[in-house]
Number of protein chains: 2
Amino acid sequence: MKRKVTLKQIAKELDVSISTVSKSLRNSSEIGEETRLKVQAFAKFYNYKPNNIALSLKNRKTKSIGIIIPEIVHYFFSTVINGIEQIANENGYSVVICLSDDSFDKEVLNMEMLANGSIDGFIMSLSKETQFKGDFHHITEVINQGMPVVMFDRVTNDILCDKVIIDDKAAAYEAVQSLIDSGRKKIALVTTVDYVSVGKLRTDGYEKALLDNGLPFNEDLIIKIEDVDTCEITISQLLHDRAFDAVFAVNELFAVTIIKTASKMGLKVPDDLAVIAFTDGIISKYSTPSITTVSQSGEKMGSKAAKMLIERLEAEHEDDEEEENENYTTEVIETHLIKRESTD
Amino acid sequence: MKRKVTLKQIAKELDVSISTVSKSLRNSSEIGEETRLKVQAFAKFYNYKPNNIALSLKNRKTKSIGIIIPEIVHYFFSTVINGIEQIANENGYSVVICLSDDSFDKEVLNMEMLANGSIDGFIMSLSKETQFKGDFHHITEVINQGMPVVMFDRVTNDILCDKVIIDDKAAAYEAVQSLIDSGRKKIALVTTVDYVSVGKLRTDGYEKALLDNGLPFNEDLIIKIEDVDTCEITISQLLHDRAFDAVFAVNELFAVTIIKTASKMGLKVPDDLAVIAFTDGIISKYSTPSITTVSQSGEKMGSKAAKMLIERLEAEHEDDEEEENENYTTEVIETHLIKRESTD
C-alpha cells in the first residue's frame, strides 16, 4: 500500500508552510488564489485524504484523551498531567501525551497525528510560537470536525472552547500586596522576555498592587531575564546598587538564583531581600531558605480540565441530535500564597 | 459490530491470569494441557482475534514512537524523553507518551492501546509493580507480533530486546570510592524500600567499594526510607548519634532533606557530613550547598534508545525477507560524578 501523503510532505514539496497547506485545503481566502489552487491540485494528484474525524467520532469512542503541552521538564506541566491522569483513570479513560517543544509546527503535527482516530478529545496548553504567531487554524479545524478541546494556562481568546486558567493578574497582585504589607517599598518584578500571555497579566497585577498602595511604578524595576545563566549577572549589579528590597519572580529558577546571588554578596534573605516566586515547583520547597510561592495549582487545573472534557464527551454521546452545544465555560482556579522562609 | 473479545475478558471469564491466556494461545508448554485447550476452545468460540500488528506493520508505518514510563514528575524521565524527542524529530518520527503510574495493569492497557496501530515501536521503562510481579507477557506479545521494543533503565533479563542501561553498580561504586578517597570512614547508604532492580545494584556497588577499601560493611548503615516525609525523622536520630560522616543517597530529595536536617542540628556540610546523590535533577544544582551527584545521563539514555529503535524500524523495512533479526544489544551509558559543594 502506498503511504498516504501528509500535510508536512505537501508543505515541503511546495516550499510553503504547513499552515498555508492546511488553509488552502479548506479554501481559506487568507491564502492567495495561485497558492491555493497549486496546493489543492497537488493534494488531489497525490490523493491526499484529510482526517475524517467527525465521521469516526460518531462511530466509535477510543476512550482516550490527548494532551499537548509545550514541555515536560517544567514541573508545572507534570502536576497538570497528574491531575488529568487521576480524573481520566477514575472515568475509564487512557491518556496520551505529546510535546510541542514550544514549536508551532510540532503542535500542528502532533494534533494531526492524534486526531486521526487515536483519541476522543484534546487538553492542551499553547506553544509560545503559536501564541506569538496567533495562528490557531489547527485547533479550529479539530473543533469544527467535532472533537472537543479544553485549553489550560496558555489559552487564547481567539478560540471558542472550554478553558481552565488561573487569574494571573490577581495572583501577582496578592503576592506583591503581601510584600507591601510586610513593609517593602522597592519591589522588583523579575520576568522573562518571551511572548507568553501570562507574563503580561502578571506584570499588570504587579503594577496595580503598587499603584493601589500609592507606591511609584518604576519601569527600571521590571527586570527581563533572557535565561537563568544571565540572571546572576543582571541581578548582582542591581543588588549592588540596593535598587530593591523585595523581588517577585515569575519562576522559581529565577528566585533561587537571586537568593544565591544575594547570599554570595553577604545579603540576608529575607532581612535584606524578600523573595516570592510564581511556581508549583519543588526547588522552592527544598532550597535554603525555602521560598514563599504563589501556587499555580497545576494539579487542580489538570483535574478540572479533564472533568470538563469528559463531561463534554459523555454529553455528546447522549445528545447526538444536539450537535452544537456551545456553552463554553472558562474556569478560573484559585491560587494561594504558600509562605516559607524567604519572606517575613 | 460486536465488540471483539479481549485477552482480559477471556482471563476473567475463565478465572485465570492474563498471562496464562496469552501463553495458552501461543500454545506454550509452560501451561498445563487442560488449561491450554480450554483457553484455546474459548478463544475460538468467541472468535478471539489477536492484534495483527505484524501484518499492519508490513503495510504501513505510522512514523510514531510510543514511550511508556512509570511517572512524569520524576526529573530523570523528563530528561530521557527530551533525548528521545530530539532523535525522533531528527528522523521524522513523532512521539507519544503514556504513564504506567508504576501500575502493572496500566502498563498492560497502555501498551494494548498504543499497539493497536498508533505507533511503530516502543521505548519503555518497567513499572515497579511489573518488576515485582515478574509478568512480562504483554511485552512478549508485542515483540512476538513484530513490534520492536527498547527498554531503558528499569529493564528485565526475562525479555530479549534492545536495552539501554547505566551500570548502577559501577556508578554507586565510584560515588562511594570518592567519599572514601576524601577520608570518610562511616558512609551510609540512604535508599528506598521498593522492589526496583536498580536499588539492589546500587547497594551492591556501595558494598563492594567498602569491602575493596577494607572498610566494614555495616547493615545498620543501609537506611531504607519509606518517603521524604519520614526521611527527616529517621536521619535526625542517626545524625544525633553521629552514626556516619558521609551519605550516598539514591535520589536528590533524600539528599536535600538530609542536608536540611543536618543544618538544623548545627552540623556543617561537607565538613561534618559529605553528601552525594544519584540524580539528574535540578534541586541538587540549586540547593545550598549545591549537591555532588552521580549523573544518570537521562538524555543520553533517551537518545540512544531512540537511535536503537529507529535503526531497527528502518532495517525491518529494508529486509522484509529476514524476519528474525534477533541480534539484540544492551547499551551501557557512562555515568559521571558532578562535583559540587556537598563534598570536599
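Residues numbered from 1 in each chain as written. Chains lettered and ligands numbered in written order. Predicted model: local features only at pLDDT ≥ 70, side-chain atom pairs only at ≥ 80, totals over all residues. Heavy atoms only, no water.

For chain A, the name recorded in an unreviewed UniProt entry is LacI family transcriptional regulator, with Flavobacterium chungangense as its organism.

Asker: Honestly, helix α6 (residues 104–114) of chain B in this entry has me stumped. Any pointers?
Answerer: Counting buried residues along α6 of chain B, eight of its eleven residues qualify, which places the element largely inside the surrounding structure. Within α6 of chain B, burial applies to F104, K106, E107, V108, N110, M111, M113 and L114 of chain B. (Buried < 20%, exposed > 50% of the residue type's maximum accessible area, 1.4 Å probe, protein only. Helix = DSSP H or I, 4+ residues; strand = E, 2+ residues; numbered from the N terminus.)

Asker: Please explain the nonpolar core as it appears in this structure.
Answerer: Side chains that are nonpolar tend, in soluble globular proteins, to be buried together. Core analysis: the biggest nonpolar cluster contains 150 residues, and I97 and F248 of chain A together with I97 and F248 of chain B have the highest contact counts within it. Beyond its immediate chain neighbours, meaning those up to four positions away, I97 of chain A contacts I67, I69 and I81 of chain A together with I72, V95, V96, I97 and L99 of chain B. Within the second largest apolar cluster, 42 residues are counted, among which are F136 and M151 of chain A together with C98 and A115 of chain B. (Core = buried A, V, L, I, M, F, W, Y, C linked by side-chain atoms within 4.5 Å. Contact = heavy atoms within 4.5 Å.)

Asker: What exactly am I supposed to notice about the pairing of strand β2 (residues 94–99) of chain A here?
Answerer: All names here are of chain A. Extensive coverage of β2 is indicated by the burial of six of its six residues. Burial along β2 is two-sided: S94, V96 and C98 and V95, I97 and L99, pointing in opposite directions, are all buried. Strand direction decides the pairing type here: strand β1 (residues 64–69) and β2, joined by six bridges, are parallel. Its bridge partner being in β2, I69 is matched across the sheet by L99. Remark: the β1/helix α5 (residues 75–90)/β2 crossover connection has right-handed handedness. (Pairing = 2+ DSSP bridges. Right-handed = clockwise from strand over helix to strand, strands pointing away.)

Asker: Is there a simple way to explain the pairing of strand β9 (residues 274–278) of chain A in this structure?
Answerer: Two faces make up the sheet, and in a regular strand the side chains alternate between them. Residues and elements named next belong to chain A. Most of β9 is tucked away, with five of its five residues classed as buried. Burial along β9 is two-sided: A274, I276 and F278 facing one way and V275 and A277 facing the other are all buried. Where strand β8 (residues 246–249) lies against β9, four bridges are found, and the strand directions are parallel. Pairing of A249 across the sheet is with A277, part of β9. Between the parallel elements β8 and β9, the chain passes through helix α12 (residues 252–264) in a crossover that is right-handed. Looking at chain direction, β9 and strand β10 (residues 292–294) are connected through three bridges and run parallel. Counterpart to A277 in the pairing with β10 is T293.

Asker: When you look at the sheet that holds strand β12 (residues 337–338) of chain B in this model, what are you seeing that I'm missing?
Answerer: Each strand in a sheet pairs with another by means of backbone hydrogen bonds, the pair being arranged parallel or else antiparallel. All names here are of chain B. The six strands lie next to each other as β7-β6-β8-β9-β10-β12, forming an open sheet whose pairing is mixed. Unpaired on one side and paired on the other, β7 (222–225) and β12 mark the two borders of the sheet. Examined bridge by bridge, strand β6 (residues 187–192) and β7 share four bridges and lie parallel to one another. If you follow T191 over to β7, its bridge partner there is K224. Running at roughly 160 degrees to strand β9 (residues 274–278), helix α12 (residues 252–264) makes contact with β6, β7, β8 (246–249) and β9 of the sheet. (Axes fitted to C-alpha atoms, helices over the stretch in contact; angles between N-to-C directions.)

Asker: Can you help me understand the domain arrangement of chain A in this one?
Answerer: Interface size, as often reported, equals the accessible area lost upon joining of the parts. All names here are of chain A. When its domains are assigned, chain A resolves into domain 1 (7–50), domain 2 (59–164 + 298–315 + 328–334) and domain 3 (168–296). The centre of domain 2, based on its C-alpha atoms, is set 30 Å off from the matching centre of domain 3. Of all residues in domain 2, Y75, K128 and F132 bury the most surface against domain 3, accounting for 44% of the area lost on that side. In this assembly, domain 2 and domain 3 are joined by two residue pairs in polar contact (both at pLDDT 80 or more). (Domains from an automatic or database assignment. Buried area = accessible area lost by both parts, 1.4 Å probe. Polar contact = N/O pair within 3.5 Å; in protein donor to acceptor, adjacent residues only side chain to side chain.)

Asker: Whenever I open this one, the packing of aromatic side chains confuses me. Can you help?
Answerer: Two aromatic rings are characterised by how far apart their centres lie and by the angle between their planes. All names here are of chain A. Inspection of every chain in the model, using the stated rule, returns eight aromatic pairs over all chains. When the centroid spacing of 6.0 Å and the interplanar angle of 50 degrees are considered together, the rings of F248 and F278 count as tilted. With F248 in strand β8 and F278 in strand β9, the pair connects residues that are 30 residues apart, well separated along the chain. You'll find F248 and F278 in the same group, each marked buried. Following the ring pairs from residue to residue traces out a cluster consisting of F76, F77 and F152. Directly above the ring of F278 sits R202, whose terminal nitrogen or CZ lies 3.6 Å from the centroid. (Phe/Tyr/Trp six-rings, centres within 6.5 Å; stacked < 30°, edge-to-face > 60°. Lys NZ or Arg CZ within 6 Å of the ring centre and 35° of its normal.)

Asker: Teacher, can you tell me more about the pattern of salt bridges here?
Answerer: Two side chains with opposite charge may pair up if their charged atoms get near one another. Scanning all chains against the criterion turns up 24 salt bridges over all chains. A salt bridge links K106 of chain A to E85 of chain B; the nearest nitrogen and oxygen atoms lie 2.3 Å apart. You can see K106 of chain A sitting in helix α6 (residues 104–114) and its partner E85 of chain B sitting in helix α5 (residues 75–90), one on each of two chains. A residue is classified by how much of its surface remains accessible, and K106 of chain A, at 15% relative accessible area, is buried. Residue class for E85 of chain B comes out buried when judged on its relative accessible area of 7%. With a shortest N-O distance of 4.0 Å, R242 of chain A and D272 of chain A are connected by a salt bridge. (Salt bridge = Lys/Arg side-chain N within 4 Å of Asp/Glu carboxyl O.)

Asker: What exactly am I supposed to notice about the side chain of S24 of chain B here?
Answerer: Residue and element names in this part refer to chain B. Residue position: S24 is located in helix α2 (residues 18–25). You can call S24 buried: its relative accessible area is 0%. Engagement of the side chain of S24 in a polar contact is seen with the backbone oxygen of T20, the distance being 2.7 Å. Dropping the residues within four chain positions of it, S24 is found in contact with I31, T35, R36, V39 and Q40.

Asker: Just checking my understanding: could you explain the packing of helix α2 (residues 18–25) of chain A against helix α3 (residues 33–45) of chain A for this structure?
Answerer: Packed helix pairs are characterised by how far apart their axes lie and by the angle those axes make with each other. Residues and elements named next belong to chain A. Packing of α2 against α3 leaves a shortest axis separation of 9 Å and a crossing angle of 85 degrees. When the interaxial angle is binned, α2 and α3 end up roughly perpendicular. Contacts between α2 and α3 involve T20, V21, S24 and L25 from the first element and T35, R36, V39, Q40 and A43 from the second. Along the lines of polarity and charge, the residues of the contact of α2 with α3 split into four nonpolar, four polar and one charged. (Parallel < 35°, antiparallel > 145°, perpendicular 65-115°, else oblique. Nonpolar A, V, L, I, M, F, W, Y, C, P; charged D, E, K, R; others polar.)

Asker: How do you make sense of the confidence of the model for chain A when you look at a structure like this?
Answerer: It should be kept in mind that the predicted coordinates are not to be read in detail where pLDDT is low. When pLDDT is averaged across chain A, the result is 87; 90% of the residues are at 70 or more. Both confidence scores are given for the complex: pTM 0.81, ipTM 0.80. (pLDDT = per-residue confidence, 0-100.)

Asker: Just to check I follow, could you spell out the sheet that holds β8 of chain A for this structure?
Answerer: Residue and element names in this part refer to chain A. Read across the open sheet, the six strands follow the order β7-β6-β8-β9-β10-β12; overall the sheet is mixed. In this open sheet, the two edge strands, each paired with only one partner strand, are β7 (222–225) and β12 (337–338). Relative to β9, helix α9 (residues 168–181) is tilted by about 170 degrees, and along the sheet it contacts β6 (187–192), β8, β9, β10 and β12. Sitting on the sheet, α12 is in contact with β6, β7, β8 and β9, with an inclination near 160 degrees to β9.

Asker: How should I be thinking about the interface of chain B and chain A in this particular structure?
Answerer: Contacts between chain B and chain A engage 36 residues on the former and 34 residues on the latter. Carbon and sulfur atoms supply 60% of the area buried between chain B and chain A, which totals about 2,900 Å² over both sides. On the chain B side of the contact with chain A, V73, K260 and Y286 of chain B bury the most area, a combined 22% of that side's loss. There are two salt bridges connecting chain B and chain A.

Asker: Teacher, can you tell me more about helix α11 (residues 228–240) of chain B here?
Answerer: Helical geometry: 3.6 residues make up each α-helical turn, so side chains three or four residues apart lie on a common side. Residues and elements named next belong to chain B. Compared with the 18 Å implied by 1.5 Å per residue over 13 residues, the 19 Å span of α11 between its first and last C-alpha is a close match. Regarding α11, the residues found buried are C231, I235, L238 and L239. One side of α11 carries all its buried residues, which in axial view fall inside an arc of 95 degrees. In α11, the exposed positions angled more than 90 degrees off the buried face are occupied by D229, I233 and H240. Tucked into the core, α11 has its buried residues touching β6, β7 and α12. (Expected span 1.5 Å × (residues − 1). Arc of directions from axis to C-beta.)

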